[in-house]
Amino acid sequence: MLSSPDSGLTNYAHTNQILELMAQLVDYRRQDVRKRMEKVWGKASMLHIDVLMLIYHFAKVCEGNVLEIGPYIGGSTIAAAFGARESGARKKIVTIEGGGQLKHPRLPSKNIIKDLKKNLARFGVLEDVIVIEGRSPHETTQSAVRQILGSGEVGLFIFDANANPRQNLNYYGDLLVDHCWVVIDDYFGPGEKAAPIRAQVDEMVSEGRLVPFGYYGWSTWIGQWQHK
């Protein structure tokens, strides 16, 4: 099947965007932001430092606010808050966390909500973040989010929760701007979440809902959202 000239131009432009993003990340590795993200990683994140720097970048350059599902104890949230603060624009950062506890060899938590807020305060961004306690599918959670964010107001969507990113994008996709940056963790890996997450992300790519920019760090998918 022959490609149209327009599709060739689109593919060329997309390839350039991917290369520009990679170049930006390499540049960040030489800047002070890397040291800052290393500190965040040490205290509050299981994400790769490259992913934290990309979250910082997306929050800094995106048009719109930030919606996160599954911050755990706040590493990604802190990175986004730093980027939003340094964007020069007022941006809302909304993060949804169900709470509970988690046994982890490096960053365990007996009270996830408590540790999340403690880390946000430790890095000076507690007042920049709206923490919604609850599960993302619950109507009360969705209602709380929609009281803060309206349709087409989210420029960065971060997902690191259950194994169902499609369901959550169905719930909140209308809030995302076209070409909203999307970060989805556990795209690869030995855990139980990886296979269903990868299958759902790949399906949404095939359907034209998600545009891939690659995966970074240990297992995090990076891309953009497209409205139909």
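None of these values were measured; they are calculated from a predicted model.

Go over the pairing of strand 6 (residues 210–216), please, and point to the residues and values.
Where strand 6 and strand 7 (residues 220–225) come together, 6 bridges link them in antiparallel fashion. What sits directly across from Tyr216, in strand 7, is Thr220. The antiparallel pairing of strand 6 with strand 7 creates a hairpin that spans 3 residues between the two strands, and Gly217 there sits at a positive phi of about 65°.

I'd like to hear about the side chain of Thr141, residue by residue, with values.
By the element assignment, Thr141 lies in helix 6 (residues 139–148). In this structure Thr141 comes out as buried when scored by relative accessible area, which is 3%. In contact with Thr141, other than residues within four places in its own chain, are Ile96, Ile132, Gly134, Arg135, Ser136 and Tyr172.

Outline the packing of helix 2 (residues 32–44) against helix 3 (residues 49–61), supporting the account with residue identities and numerical values.
Remark: helix 2 packs on helix 3, axes separated minimally by 9 Å, with the N-to-C direction vectors making an angle of 115°. Note on packing geometry: the crossing formed by helix 2 with helix 3 is right-handed. Here helix 2 contributes Val33, Arg34, Arg36, Met37, Glu38, Val40 and Trp41 to the contact with helix 3, which in turn contributes Ile49, Asp50, Leu52, Met53 and Tyr56. Class assignment of the residues belonging to the contact of helix 2 with helix 3 gives a composition of 8 nonpolar, no polar and 4 charged.

Could you give me a rundown of helix 5 (residues 112–122), with the residues and numbers involved?
Burial in helix 5 covers these residues: Ile112, Ile113, Asp115, Leu116, Asn119 and Leu120. Projected onto a plane normal to the axis of helix 5, the buried residues spread over an arc of 165° and lie on a single side. Remark: Gly124 follows helix 5 within two positions and exhibits a positive phi of approximately 75°.

Describe the environment of Leu210, and please don't skip the residues or the numbers.
Looking at the element boundaries, Leu210 is found in strand 6. Between the alpha carbons of Leu210 and Gly83 there is a distance of 23 Å; along the sequence they are 127 residues apart. Those residues in contact with Leu210 that sit more than four places away from it in its chain are Leu169, Val182, Ile184, Val201, Met204, Val205, Trp221, Gln224 and Trp225.

Which residues make up the confidence of the model for the chain, and what are the values?
Scored by pLDDT, the chain has a mean of 95; 96% of the residues are at 70 or more. Under a pLDDT of 50 for its full length, residues 1–5 has, in the predicted model, 0 contacts with residues more than four places off or in other chains.

Lay out the environment of Pro137 in plain terms, naming residues and giving numbers.
Within the fold, Pro137 resides in the loop between strand 3 (129–133) and helix 6. Counting along the chain gives 30 residues from Pro137 to Gln167, while the straight-line C-alpha distance between them is 8.1 Å. For Pro137, the contacting residues outside a window of four places in its chain are Gln142, Gln167 and Tyr171.

Explain the pattern of salt bridges residue by residue, including any values.
For the structure shown, the criterion picks out 11 salt bridges. Measuring nitrogen to oxygen at the nearest pair gives 3.1 Å for the salt bridge that ties Glu38 to Arg34. With Glu38 and Arg34 both in helix 2 and 4 residues apart, this pair spans about one turn of that helix. For Glu38, a relative accessible area of 33% corresponds to the partly exposed category. With a closest N to O distance of 2.9 Å, Glu207 and Arg166 form a salt bridge.

Describe the pairing of strand 4 (residues 154–159), with residues and values.
Across the 6 residues that make up strand 4, a large majority, 6, are buried. Two elements, strand 1 (residues 65–69) and strand 4, share 5 bridges in a ladder whose sense is parallel. Bridge pairing in strand 4 links Val66 to Leu156. Crossover handedness for the path strand 4 to helix 7 (residues 165–172) to strand 5 (residues 176–184): right-handed.

Outline the sheet that holds strand 1, listing residues and values.
Taken in spatial order, the 7 strands of this open sheet run 3-2-1-4-5-7-6, and their pairing is mixed. The sheet is open, and its two borders are formed by strand 3 and strand 6, each paired with just one other strand. The average undirected angle you get between the axes of adjacent strands in this sheet is 15°. Set on the sheet, helix 5 makes contact with strand 2 (93–97) and strand 3; between it and strand 3 the angle comes to about 180°.

I'd like to hear about the nonpolar core, residue by residue, with values.
Counting residues in each nonpolar core, the largest one holds 43 residues, and the members touching the most others are Met37, Ile55, Leu156 and Ile222. Every element with two or more residues in this core is listed here: helix 1 (5–28), helix 2, helix 3, helix 4 (75–85), helix 5, strand 4, strand 5 and strand 6. The greatest single-element share of this core, amounting to 9 residues, is contributed by helix 3. Apart from the residues lying within four places of it in its own chain, the contact partners of Ile55 are Leu47, Ser76, Ala79, Ala80, Leu156, Ile158 and Val183. Formed by 25 residues, the second largest nonpolar core is a distinct cluster that contains Ile69, Val94, Val154 and Phe157.

The rules behind each value
Residues numbered from 1 in each chain as written. Predicted model: local features only at pLDDT ≥ 70, side-chain atom pairs only at ≥ 80, totals over all residues. Heavy atoms only, no water. Pairing = 2+ DSSP bridges. Helix = DSSP H or I, 4+ residues; strand = E, 2+ residues; numbered from the N terminus. Buried < 20%, exposed > 50% of the residue type's maximum accessible area, 1.4 Å probe, protein only. Contact = heavy atoms within 4.5 Å. Axes fitted to C-alpha atoms, helices over the stretch in contact; angles between N-to-C directions. Left-handed = near helix turned anticlockwise from the far one by under 90°. Nonpolar A, V, L, I, M, F, W, Y, C, P; charged D, E, K, R; others polar. Arc of directions from axis to C-beta. pLDDT = per-residue confidence, 0-100. Salt bridge = Lys/Arg side-chain N within 4 Å of Asp/Glu carboxyl O. Right-handed = clockwise from strand over helix to strand, strands pointing away. Core = buried A, V, L, I, M, F, W, Y, C linked by side-chain atoms within 4.5 Å.

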